[in-house]
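Single-letter residue listing:
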Amino acid sequence: MAFFEPKMREILEQNCTDDEDCNFFDCFSRCDLRVNKCGAQRVNNNLQVICDKIFRHWFSAPLKSSAVSFQLQLQLQEAVQECADPGVPSGNTWRAPSVFWKLRRLLQATLRELQEAEK
């Protein structure tokens, strides 16, 4: 399901009593208890959702192929965890670009190791 930003803001700006009232599928907002309204801005982003719903499942256990070094697998697991659940206090900016580039670099290294093993 995909929505344009104006529609997403409209959906997220609903009445609430806690943050869980402000969840719409994989989009999360925060409840402003002073006015009992959800914020219009998401507190997560699409990369976090992909890391949580897809990559975390793929990389939570050691890869079945021994062609990928254990150290690289650990780095990848840590990067996916950081991406999916950054643990950033509200008000701080999540460092999506740096997490994206870290994941990209680790996934490319994994691909190279797998390709080398096939030779």
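Residues numbered from 1 in each chain as written. Predicted model: local features only at pLDDT ≥ 70, side-chain atom pairs only at ≥ 80, totals over all residues. Heavy atoms only, no water.

In the nomenclature of an unreviewed UniProt entry, the protein chain corresponds to FAM69 protein-kinase domain-containing protein from the organism Theropithecus gelada.

Draft legend 1. A look at the packing of aromatic side chains. Applying the stated criterion to the full structure yields five aromatic pairs. Seen from their ring centres, phenylalanine 24 and phenylalanine 25 are 4.9 Å apart, and the 85° between their planes marks the pair as edge-to-face. Taken together, a centroid distance of 4.9 Å and an interplanar angle of 75° make the contact between phenylalanine 100 and tryptophan 101 edge-to-face. A connected cluster of aromatic rings, assembled from ring pairs, spans Phe55, Trp58 and Phe59. (Phe/Tyr/Trp six-rings, centres within 6.5 Å; stacked < 30°, edge-to-face > 60°.)

Draft legend 2. Representation of the packing of helix α2 (residues 46-59) against helix α3 (residues 70-84) within the structure. Interhelical geometry of α2 versus α3 gives an angle of 150° and a closest axis separation of 8 Å. With respect to each other, α2 and α3 are oriented roughly antiparallel. With respect to the hand of their crossing, α2 and α3 are arranged in left-handed fashion. Contacts between α2 and α3 involve Leu47, Gln48, Cys51, Asp52, Phe55, Arg56 and Phe59 from the former and Leu76, Gln77, Val80, Gln81, Cys83 and Ala84 from the latter. Grouping the amino acids of the contact of α2 with α3 by side-chain chemistry returns eight nonpolar, three polar and two charged. (Axes fitted to C-alpha atoms, helices over the stretch in contact; angles between N-to-C directions. Helix = DSSP H or I, 4+ residues; strand = E, 2+ residues; numbered from the N terminus. Parallel < 35°, antiparallel > 145°, perpendicular 65-115°, else oblique. Left-handed = near helix turned anticlockwise from the far one by under 90°. Contact = heavy atoms within 4.5 Å. Nonpolar A, V, L, I, M, F, W, Y, C, P; charged D, E, K, R; others polar.)

Draft legend 3. How the structure looks around α2. Along its 14 residues, α2 runs 18 Å from first to last C-alpha, staying within 8% of the 20 Å computed at 1.5 Å per residue. Aspartate 52 marks the point of greatest bend in α2, at about 35°. Here α2 has its buried residues at Leu47, Gln48, Val49, Cys51, Phe55 and Phe59. Where α2 begins, one side-chain oxygen reaches toward the backbone nitrogen of leucine 47, 3.0 Å away; that side chain belongs to asparagine 45. (Expected span 1.5 Å × (residues − 1). Bend = angle between axes of the 7 residues up to and from the residue. Buried < 20%, exposed > 50% of the residue type's maximum accessible area, 1.4 Å probe, protein only. Polar contact = N/O pair within 3.5 Å; in protein donor to acceptor, adjacent residues only side chain to side chain.)

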